[in-house]
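Per-entry structural report
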Amino acid sequence: MSTLKEILTRRPVAATIRLTVPAGGARPAPPVGPALGQYRLNLMAFCKDFNARTQKYKPDTPMAVTITAFKDNTFEFTVKSPSVTWYLKKAAGVDSGSSRPGHVVASSLSVKHIYEIAKIKQSDPYCQYMSLESISKSIIGTAKSMGIQVVKELE
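This is a predicted model, so every value here is computed, not measured.

Reading guide: rules and limits
Residues numbered from 1 in each chain as written. Predicted model: local features only at pLDDT ≥ 70, side-chain atom pairs only at ≥ 80, totals over all residues. Heavy atoms only, no water. Pairing = 2+ DSSP bridges. Helix = DSSP H or I, 4+ residues; strand = E, 2+ residues; numbered from the N terminus. Axes fitted to C-alpha atoms, helices over the stretch in contact; angles between N-to-C directions. Contact = heavy atoms within 4.5 Å. UniProt positions renumbered as here; feature names shortened; annotations may be inferred. Core = buried A, V, L, I, M, F, W, Y, C linked by side-chain atoms within 4.5 Å. Buried < 20%, exposed > 50% of the residue type's maximum accessible area, 1.4 Å probe, protein only. Polar contact = N/O pair within 3.5 Å; in protein donor to acceptor, adjacent residues only side chain to side chain. Arc of directions from axis to C-beta.

Topic: the sheet that holds strand 3 (residues 75-80)
Spatial ordering of the open sheet is given by 1-2-3, a layout of three strands whose pairing is antiparallel. The sheet is open, and its two edges are formed by strand 1 (13-22) and strand 3, each paired on a single side. Adjacent strand axes in the sheet meet at a mean angle of 20°, parallel and antiparallel pairs treated alike. Those strands touched by helix 3 (residues 43-53) are strand 1, strand 2 (62-70) and strand 3, and its axis lies near 30° from that of strand 3.

This is the structure in structure tokens:
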């Protein structure tokens, strides 16, 4: 239950914006510019903050961003690590998954690769309380739906 002080200090939310922006590559051009400009947010402040936070990732790594825009033209944002499908495609060395998953195998990965991806995804705000095993199971399910076979060890 929220206290009265918390309720009174809450700022009214204008919108929640979800974008996929390359790491270190936020510029006030599309897609960032029109999405934030629509709510009269400071584009340059977002770009500088985002690029500083995503400095440790390789350039052009797609990062998911959730921006909360408030009615007083301020904003907050959270940056999530790249999607599981992006990591799987990079690890398998393929451009896209199988056109017929379950019938045609696009590539194969070892359990060690899955474990490494799970360790990275555990730092995400939504996965931080999940066990490594449950994250790994989810990643294996995603790999199967992409036509990537998971084996104990690669030959």
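Here the narrative resumes.
Concerning the UniProt feature "domain: Large ribosomal subunit protein uL11 C-terminal" (unreviewed entry) in the protein
UniProt's entry tags residues 80-150 with the feature "domain: Large ribosomal subunit protein uL11 C-terminal" (unreviewed entry), counted in the numbering of this structure. Segment residues 80-150 splits into 49% helix and 11% strand. End C-alpha atoms: 25 Å apart.

Details of the nonpolar core
Judged by nonpolar contacts, the single largest core of 18 residues is most densely connected at Phe46, Phe50 and Ile67. Those elements that provide at least two residues to this core are strand 1, helix 2 (32-37), helix 3, strand 2 and strand 3. Tallying contributions element by element places strand 2 first for this core, with four residues. Those residues in contact with Phe50 that lie beyond four places of it in its chain are Val21, Pro22, Ala23, Gly24, Ala26, Met63, Val65, Phe77 and Val79.

As for the environment of Ser81
Positionally, Ser81 belongs in the loop between strand 3 and helix 4 (84-92). Here the alpha-carbon distance between Ser81 and Ser123, two residues 42 residues apart in the chain, equals 8.0 Å. Those residues in contact with Ser81 that sit more than four places away from it in its chain are Tyr57, Met63, Tyr87, Ile120, Lys121 and Asp124. Within the local environment of Ser81, its side chain forms a polar contact with the side chain of Lys121, the two groups lying 3.3 Å apart.

Quick word on helix 5 (residues 111-121)
For helix 5, the complete set of buried residues consists of Ile114, Ile117, Ala118 and Lys121. In an axial view of helix 5, the angular spread of the buried residues amounts to 100°, which keeps them on one side of the axis. As for helix 5, its buried residues are in contact with helix 4, strand 4 (107-110), helix 6 (132-146) and strand 5 (148-151).

So, the side chain of Lys80
With respect to the helices and strands, the residue Lys80 is situated in strand 3. Dropping the residues within four chain positions of it, Lys80 is found in contact with Arg18, Met63, Ala64, Thr66, Asp124 and Tyr126.

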